[in-house]
Every structure is written in C-alpha cells, then in structure tokens.
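Okay, here's what each chain looks like letter by letter:
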Amino acid sequence: MKILTVLSLLMDYPEDNSAELIAVLRIGEQLIETPLQSKQQIHTFLDQFLEHYAHTPLLDLQSDYDGLFERGRALSLHLFEHIHGESRDRGQAMVNLQQQYRDAGLDIGVKELPDYLPLYLEFLSTQGEENARIGLEEVAPILAVLACRLEKRKNPYAGLFHCLILLSGVEVNLDELHSQLEQEKRDDTPEALDKVWEDEVVNFGAEKNADSCSSSTARPTPQQSRDHVEFLNVDELLNLQASAR
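**Topic: the overall build of the protein chain**
Part 1 of the reasoning: Across its full length, the protein chain carries twelve helices and zero strands.
Part 2 of the reasoning: Put simply, the protein chain runs from its N terminus to its C terminus through helices and strands in the order α-α-α-α-α-α-α-α-α-α-α-α.
Part 3 of the reasoning: Counting all 245 residues of the protein chain, 42% fall into the buried class.
Part 4 of the reasoning: Sequence separation of 24 or more characterises 74% of the internal contacts of the protein chain that already satisfy a separation of 6 or more.

In structure tokens:
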C-alpha cells in the first residue's frame, strides 16, 4: 500500500477504525519513499493521528469529521472550492479533471466530485513517485491553508495535511500563513451558516451529469498510470503559493 493511499483512506469519511484496519494502515505507513529527514517527520505526524484514530469511538470520529469538513467552506476537501468558489470556472475545471482521470483509466462513480481530495490522492497514488510529488506540489498552497486552519482549531487532522506538504517537497512559510489567517472569521458558526442560507439562491433545475451513472471504479493499468498524467495548473494556485511564503 502506498502512503498516498493511506492518507486518502484517513482523509475520507471514517467508516471503520478497527484494530485490523489500523494494522493495515501502519504497514502502509512503512512504505514511504522520501528523504530521511522528511520521512521521520511524516512518521511522527502519522503515528499521532493513528493513535487518535484508533482510540476514538467511531461515532465520535464521524461527528468530528462532519463538523470539520461538511460544515462551512473554509475546510472543504473539494480543491476547486478554494480556487473557484461557486464560479462557472469550477464546473469546467471539474470536467477537465474528470477527463484526466478517465485518460488514466480511472472511472469515478456518483459518490464524489472529481476534486474531492481523498479521490485526488487515490489517483496520484497510481501515477508513480515523481508524478505524485508534482501533483501534490501544485495543490500545496491549498494544503498549507487547510493545515493552518486545522492547527488553529487544535485538530489532529492537521497532521495529515502536514504529511502531504512534506511529501510535495514544497517549502511553505507556515508562520507567515498563520499570521495571515489569524483574524480570519470561522464560517461554520450558526450565525455564519444562517447568513449563507440567506444569501444563496437555490437552483432546482440543475441537471445531473449523464456520465455519472456508473457507481464502479476502474483502476488504471500500469501503462496508463505511466503515460496519462496531467495536473492542475491554475494561476490562483500560484498566487496562493506566493502568499504562503
């Protein structure tokens, strides 16, 4: 099991935290291929999170997950939420990313949108070490912002995002980023959520994507994994990265 697969599982909605699963995840943790200095830091972050994951009742894990990632937009696990918001550009970016998955032989079902971070990590885990690093590098600014917001809430999920930043090889000035986010208001309070409901217009005419009828996931072949890989390239990411330094 590759380390990105482990991180993808841990960042997805918790369905199981049994001793058997934790044992499998710890085996996957040993498969990190990265410089020794980063490897030790990654092991530390993962060990801390796995201890929390293993010793927290599953219902509490699920409640914590919902409160973090399903309420408000600041901690959304959908990458394009942090780049395009609700603009039309987000829809086209979704189409482009889904096509990249298909070109790599990965056909996603209806459960998640293409920019869902655990799904993106699962995709990168099939693309080889260097391509995976490049894919992480391009979203590192988003990962850094999420890590800082989680640290501000003193939440153990922050460690998983620090693992991804280390795996990307990108140097991020987290102290400066913390300073920039210091005065940021949370968007998951009852007052903030009420304001969103007041401001947003409900669209009852949205049509489902005709291509989303399949619920199966086809894995890419080794040849497809090597030959078909493209990554997110948007100006907003570069601006975020510059502001994080």
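**Some thoughts on unusual backbone geometry**
Excluding glycine, residues mostly have negative phi values, and the peptide bonds linking residues are mostly trans.
Part 1 of the reasoning: Non-glycine residue Lys 154 carries a positive phi angle of around 55 degrees.
Part 2 of the reasoning: Relative to the helices and strands, Lys 154 is located in the loop between helix H7 (129–152) and helix H8 (158–168).
Part 3 of the reasoning: Its relative accessible area of 74% is what places Lys 154 among the exposed residues.

**Observations concerning the packing of H7 against H8**
Part 1 of the reasoning: Contact pair H7 / H8: the axes reach a minimum separation of 8 Å and the direction vectors enclose 150 degrees. Here H7 lies roughly antiparallel to H8, going by the angle between them. Note on packing geometry: the crossing formed by H7 with H8 is left-handed. Facing Arg 133, Leu 136, Glu 137, Ala 140, Leu 143, Ala 144, Leu 146, Ala 147, Leu 150 and Glu 151 of H7, the residues of H8 in contact are Ala 158, Phe 161, His 162, Leu 164, Ile 165, Leu 167 and Ser 168.
Part 2 of the reasoning: When the residues that make up the contact of H7 with H8 are grouped by side-chain class, the tally is twelve nonpolar, two polar and three charged.

**Here's the deal with the nonpolar core**
Part 1 of the reasoning: Ranked by size, the top nonpolar core spans 58 residues in total, and within it Leu 4, Leu 7, Leu 10, Leu 117, Tyr 120 and Phe 161 carry the most contacts.
Part 2 of the reasoning: For Leu 4, the contacting residues outside a window of four places in its chain are Leu 121, Leu 124, Ser 125, Ala 132, Leu 136, Leu 164 and Leu 167.

**A few points about the packing of helix H1 (residues 3–11) against H8**
Part 1 of the reasoning: Packing of H1 against H8 leaves a shortest axis separation of 11 Å and a crossing angle of 155 degrees. Between H1 and H8, the interaxial angle falls into the category roughly antiparallel. The way H1 lies across H8 gives a crossing that is left-handed. Residues Ile 3, Leu 4, Leu 7, Leu 10 and Met 11 of H1 pack against Leu 160, Phe 161, Cys 163, Leu 164 and Leu 167 of H8.

**Digging into the packing of aromatic side chains**
Part 1 of the reasoning: By the definition in use, this model includes eight aromatic pairs.
Part 2 of the reasoning: Between Phe 49 and Tyr 53, the aromatic rings sit 5.7 Å apart at their centres with planes inclined by 35 degrees, giving tilted as the arrangement. Here Tyr 53 and Phe 49 lie together in helix H3 (residues 36–54), a separation of four residues that amounts to about one turn. Of the two residues, Phe 49 and Tyr 53, neither departs from the other in class, the shared state being buried.
Part 3 of the reasoning: For the pair Tyr 65 and Tyr 157, a centre-to-centre distance of 6.1 Å together with 70 degrees between the ring planes defines the contact as edge-to-face. Of this pair, Tyr 65 sits in helix H4 (residues 58–69) while Tyr 157 sits in the loop between H7 and H8, and the two are 92 residues apart along the sequence. When sorted by exposure, Tyr 65 lands in the same class as Tyr 157, which is buried.
Part 4 of the reasoning: Aromatic ring contacts, followed pair by pair, group Tyr 13, Phe 49, Tyr 53, Tyr 65, Phe 69 and Tyr 157 into a single cluster.

**Considering the pattern of salt bridges**
Part 1 of the reasoning: Enumeration over the complete set of coordinates arrives at five salt bridges.
Part 2 of the reasoning: Measuring nitrogen to oxygen at the nearest pair gives 2.7 Å for the salt bridge that ties Arg 133 to Glu 137. With a gap of four residues between them, Arg 133 and Glu 137 both fall in helix H7, about one helical turn apart.
Part 3 of the reasoning: Residue class for Arg 133 comes out partly exposed when judged on its relative accessible area of 27%.
Part 4 of the reasoning: Each of the salt bridges in this network shares a partner with another, and the network as a whole consists of Arg 26, Asp 47 and Glu 51.

**A closer look at the environment of Gly 169**
Part 1 of the reasoning: On the secondary structure map, Gly 169 appears in the loop between H8 and helix H9 (174–181).
Part 2 of the reasoning: Sequence separation of Gly 169 and Ser 38 is 131 residues, and the distance between their C-alpha atoms is 8.8 Å.

**Structural notes on the environment of Tyr 116**
Part 1 of the reasoning: When you line up the elements, Tyr 116 lands in the loop between helix H5 (88–103) and helix H6 (117–124).
Part 2 of the reasoning: Looking at Tyr 116, the relative accessible area reads 5%, which means it is buried.
Part 3 of the reasoning: Expressed as a C-alpha distance, the spacing of Tyr 116 and Phe 80, which sit 36 residues apart in the sequence, is 8.7 Å.
Part 4 of the reasoning: Polar contacts involving the side chain of Tyr 116 include one to the side chain of Asp 12, which spans 2.7 Å.

Cut-offs used in this document
Residues numbered from 1 in each chain as written. Predicted model: local features only at pLDDT ≥ 70, side-chain atom pairs only at ≥ 80, totals over all residues. Heavy atoms only, no water. Helix = DSSP H or I, 4+ residues; strand = E, 2+ residues; numbered from the N terminus. Buried < 20%, exposed > 50% of the residue type's maximum accessible area, 1.4 Å probe, protein only. Contact = heavy atoms within 4.5 Å. Axes fitted to C-alpha atoms, helices over the stretch in contact; angles between N-to-C directions. Parallel < 35°, antiparallel > 145°, perpendicular 65-115°, else oblique. Left-handed = near helix turned anticlockwise from the far one by under 90°. Nonpolar A, V, L, I, M, F, W, Y, C, P; charged D, E, K, R; others polar. Core = buried A, V, L, I, M, F, W, Y, C linked by side-chain atoms within 4.5 Å. Phe/Tyr/Trp six-rings, centres within 6.5 Å; stacked < 30°, edge-to-face > 60°. Salt bridge = Lys/Arg side-chain N within 4 Å of Asp/Glu carboxyl O. Polar contact = N/O pair within 3.5 Å; in protein donor to acceptor, adjacent residues only side chain to side chain.

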